[in-house]
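This is what each chain is made of:
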Amino acid sequence: MAKNNPSSQSNKKQLPHTMKWLREMTLRQWRHGDPVLDPNRNVHIASEHVDSILKKVGVHGGLDEQRLRQAWQTVAGDFVAKHAEPESFRNGVLVLKVVQPSMRFHLEQLKGKMLNNFHRELGKGVVKQIRFKIG
């Protein structure tokens, strides 16, 4: 009797679809939600936003590290450039890493001249102060 019943035949036809649906629901629950269609849809490159953020904050322009190192070579000369190098540059303060205390003393004596040379090379107001660090 069950073989002749049309409703039991329709249940057998729907069984693969029902199993697929159950599998999808089980996986959805196991994954804690629907699958993400495009995982990169909200990913942005930082450079897209950094310039606009810096302009809002009031920071624009800046000094290229390579340009600062070239200016240092010109300002310091070969001998001094071998014994001291720029370590950091923030808010107009250039920190130079010096090899020896005696070289630091020598550069402290030449600080005014070096500032004038930096003003000539990079423009006035770029390097406002020079500090030394033995390292």
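You'll find the structure just up there.
Residues numbered from 1 in each chain as written. Predicted model: local features only at pLDDT ≥ 70, side-chain atom pairs only at ≥ 80, totals over all residues. Heavy atoms only, no water.

J.: Honestly, the packing of helix 3 (residues 65–83) against helix 5 (residues 111–122) in this entry has me stumped. Any pointers?
T.: Any two packed helices are characterised by the angle at which their axes cross and by the distance between the axes. Contact geometry for helix 3 and helix 5: axes closest at 10 Å, N-to-C directions at 130 degrees. Relative to helix 5, the element helix 3 is oriented oblique. Of the two elements, helix 3 crosses helix 5, and the hand of that crossing is right-handed. Contact with helix 3, carried on its side by R67, L68, A71, W72, T74 and V75, involves M114, N117, F118, E121 and L122 of helix 5 and no other residues of that element. Grouping the constituent residues of the contact of helix 3 with helix 5 by class yields seven nonpolar, two polar and two charged. (Axes fitted to C-alpha atoms, helices over the stretch in contact; angles between N-to-C directions. Helix = DSSP H or I, 4+ residues; strand = E, 2+ residues; numbered from the N terminus. Parallel < 35°, antiparallel > 145°, perpendicular 65-115°, else oblique. Left-handed = near helix turned anticlockwise from the far one by under 90°. Contact = heavy atoms within 4.5 Å. Nonpolar A, V, L, I, M, F, W, Y, C, P; charged D, E, K, R; others polar.)

J.: It is not clear to me how the sheet that holds strand 2 (residues 93–98) should be interpreted in this structure. Could you clarify?
T.: Paired through their backbone hydrogen bonds, the strands of a sheet run either parallel or antiparallel. Spatially, three strands are ordered 1-2-3 in an open sheet, and the strand pairing comes out mixed. Edge positions in the open sheet fall to strand 1 (84–90) and strand 3 (129–134), since each of these has one partner strand only. Pairs of neighbouring strands in the sheet enclose a mean axial angle of 25 degrees, with direction left out of account. Relative to strand 2, strand 1 runs antiparallel, the two being bridged by six bridges. Across the sheet, A84 pairs through a bridge with V98, a residue of strand 2. Where helix 3 meets the sheet, it contacts strand 1 and strand 2, and its direction lies at approximately 145 degrees from that of strand 1. On the sheet, helix 4 (residues 101–109) packs against strand 1, strand 2 and strand 3 and is oriented at approximately 170 degrees with respect to strand 3. (Pairing = 2+ DSSP bridges.)

J.: Would you mind showing me how to read unusual backbone geometry here?
T.: Trans peptide bonds make up the majority, and among non-glycine residues the majority have a negative phi. Positive phi values are uncommon outside glycine, yet N91 reaches one of about 50 degrees. Locating N91 in the fold gives a position in the loop between strand 1 and strand 2.

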